[in-house]
Amino acid sequence: MFAMSDGRPAPAHPDAVVQGDTYRFTVLSPCLIRMEWDAQGRFVDERSQLVVSRDFPVPDFTVTHLPEGGLEIVTDQVRLRHDGREFATGGLSVALTRDARDPHYSVWHYGMTYPQGLPYRGNLLGTARTLDEVDGACELEPGILSTFGFAVVDDSESVLLSQDGWIAPRPGAATAEGGQGQRKDLYLFAHGRDQRAALREYHQLTGPQPLVPRYTLGNWWSRYWRYTEEKLLELMDTFRERDIPLSVSVIDMDWHIVDVDPEIGTGWTGYTWDPELFPDPKRFLDALHERGLAVTLNVHPADGVRRHEAAYPEMARELGIDPASGLPISFDIADRAFVDAYLRHLHHPLEEQGVDFWWLDWQSGGVSAVPGLDPLWMLNHVHFHDSGRERADGARRRPLTFSRYAGLGSHRYPVGFSGDTIISWDSLDFQPYFTNTAANVGFGWWSHDVGGHMFGGRDVELATRWFQYGVFSPINRLHSSNSPFTTKEPWAFGPRSSAIMSRFLRLRHRLVPALYTAAWAAHTDNVSVVRPMYHDYPVMDALSAPNEAMFTEHLLVAPITQPEEERSGVGRVKAWMPEGELVRPVHR
């Protein structure tokens, strides 16, 4: 049975709680306040999708009950006022009493909309679910940092987690009185300029970024292509012969049978090796491991398990279906019996053959049988924790999965797959900013389709600049579509660019020790490997170059994401330099 328990207590200390019949405030720190309202007084102490522990040291604060009703809570950083009624703009506010950042907006009011005019005013944003089919920029979700010094996170509708890691709806979630607008569970981060403290307390509340396996920090080869065992091994050997290091081999969906009877659907979902391409899967996986490569397989699980799968009979019997009927087994990530069979019959045998981790390619919406449960989040949760289970030989692996972002709290399930981007300068120009702001919600392990996935045209300069940026991304994964014109082998781009690309891919592997140290700091100190400049330099000027980032501990990266100047042939980038000694750039 799927199970996960980290032993951390979810409830807050009773001395931190101020409660009435329909409201409850929890003073988690001088700057972090939980605010709950429920007409029936149903408050939540369990873990949720977002929150794993509220067990903070109790800070000093005072509570004053006001003559007109309501109350005031004061810490050495904020003053909260509540009128005692249902949360409303005029009845609930929190003022920053120290370190206010904006002369006009130093008070947070429930339900109030604040100006959004970055780079100098607004929420500093977080990230987005995917860059699928994005050509340039996309809308980003709010984060926990802002120029005002405060931001609120709404955890009202997420599902709850039991002690063993399974899920349950919140009290009243399926009833009218418990729906959206009737129950509020909010966390206000009011840390002023101390953004490191905000991120530290965010991770104390929601959990740390896990320590990723060391092999994830090297170069990944990934292509949507119908490789045979012979051709893929031959390609891996060509990289080695050209002294271009790789650490992960990604096998896209054509590893499994894709030509299926149309009566049962399409071939996007599959778990059975294609014997024409891979006649001996264990031999193939062993050969990749012998070359020093970790291996991940792509799966699109939405179509469940159909009768053509090798594991269908066993799984059908376990779930009470007559295998002779050939009836499909629907994908239901909220059904514990299905999840147990799904892991044991489909994934574990492939892991025993040598699959190191899974690329979960979920593109099928957010509907599930449990109110508030995003199936993508549940897939990530289940696979990540299952990957760290004790194996038959008693060994445990460091947990890892590879999937799209599923909202706040997703930092606990690295690595992120940012989706199928369009090949364009606009897409390249957006990726550094997109990666940087993800650190504002602790999502520090994005893996992009370096070079872009599809469409666009052949642009050698664009590909070269994308390779250079990829080396200074959290995860460096070369990827392309199944078009013969979008491949990313460096030698496909001509001698000059091939030499540059190869040099940078070698540099990536020389950076692995620094990256692994930074990965440890991300896990223990909540400092993302790639982060916006204002995390390290909390001054307004640091907002002026949104594509610029700190990479590991000491490297400042300002990627060139625009075409070179036509007459001079020189690339250019606008960067902000903090005070200090300038060290020689890595490239010009």
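This structure is a prediction, so every number in the text was calculated from the model and none was measured.

Asker: Any chance you could break down the nonpolar core for me, citing the residues and the numbers?
Answerer: Formed by 70 residues in total, the largest nonpolar core has its most connected members in I167, M236, I251, W255, F284 and Y342. Other than its neighbours up to four places away in sequence, I251 contacts L232, F278, F284, L288, V295, T296, L297 and N298. In this structure, V153, Y187, Y405 and A438 belong to the second largest nonpolar core, which totals 35 residues.

Asker: I'd love a proper account of helix α7 (residues 425-438), names of residues and values included.
Answerer: An ideal rise of 1.5 Å per residue puts 20 Å on 14 residues; α7 measures up with 21 Å between its terminal C-alpha atoms. Taken as a whole, α7 has its buried residues at W425, S427, L428, F430, Q431, P432, F434, T435, N436, T437 and A438. Close packing links the buried residues of α7 with β20 (446-447), α8 (460-471), β22 (530-532), α11 (533-536) and β23 (549-551).

Asker: Can you tell me about the packing of helix α5 (residues 336-353) against helix α6 (residues 375-387), naming the residues and giving the values?
Answerer: Relative to each other, α5 and α6 sit at 50 degrees, their axes nearing to 12 Å. By the criterion of interaxial angle, the relationship of α5 to α6 is oblique. For α5 against α6, the interelement crossing comes out right-handed. Within the contact between the two elements, α5 uses V339, Y342, L343, H347, H348 and E351 and α6 uses L379, V382, H383 and D386. Its residues assigned to classes, the contact of α5 with α6 shows five nonpolar, three polar and two charged.

Asker: Just give me the short version of the sheet that holds strand β3 (residues 32-38), but keep the residues and values in it.
Answerer: With respect to topology, five strands assemble into an open sheet ordered β1-β2-β3-β13-β10, the strand pairing being antiparallel. Only two strands of the sheet have a single partner each, and these edge strands are β1 (17-19) and β10 (151-154). The average angle at which neighbouring strand axes cross in this sheet is 20 degrees, direction not considered. Summarising the sheet, β10 and strand β13 (residues 183-189) pair through four bridges and their orientation is antiparallel. From the neighbouring strand, V153 faces β13, where its bridge partner is Y187. Most of the contacts of helix α1 (residues 195-206) go to β13, to which it runs at about 140 degrees, and overall it touches β3 and β13.

Reading guide: rules and limits
Along each chain, the written sequence defines residue order, and numbers are assigned to residues from 1. Totals for whole chains, interfaces and linings use all residues, but because this is a predicted model, local features are given only for residues with pLDDT of at least 70 and pairs of side-chain atoms are given and counted only at 80 or more. As a rule here, side-chain values come from all non-hydrogen atoms in the structure, and water together with hydrogens is ignored. As used here, the term nonpolar core means buried Ala, Val, Leu, Ile, Met, Phe, Trp, Tyr and Cys residues forming a set that is joined through side-chain atoms within 4.5 Å. Each residue gets one of three labels from its accessible area relative to the maximum for its type: buried under 20%, exposed over 50%, partly exposed in between, using a 1.4 Å probe on protein chains only. Residue contacts are counted whenever heavy atoms from the two residues lie within 4.5 Å of one another. Strands are runs of DSSP state E lasting at least 2 residues, helices are runs of H or I lasting at least 4, and numbering of each runs from the N terminus. Take the residue count of a helix, subtract one, and multiply by 1.5 Å to get its expected span. Axis lines are fitted to C-alpha atoms, over the contacting stretch for helices. Their N-to-C directions set the angle, which ranges from 0 to 180 degrees. Note on terminology: angles under 35 degrees are roughly parallel, angles over 145 are roughly antiparallel, angles of 65 to 115 are roughly perpendicular, and the others are oblique. Should the near helix be turned counterclockwise from the far one by less than a right angle, the crossing is left-handed, whereas a clockwise turn marks it as right-handed. Gly counts as polar in this scheme, as do all residues outside two lists: the nonpolar Ala, Val, Leu, Ile, Met, Phe, Trp, Tyr, Cys and Pro, and the charged Asp, Glu, Lys and Arg. Here, any two strands with at least 2 DSSP bridges between them count as paired.

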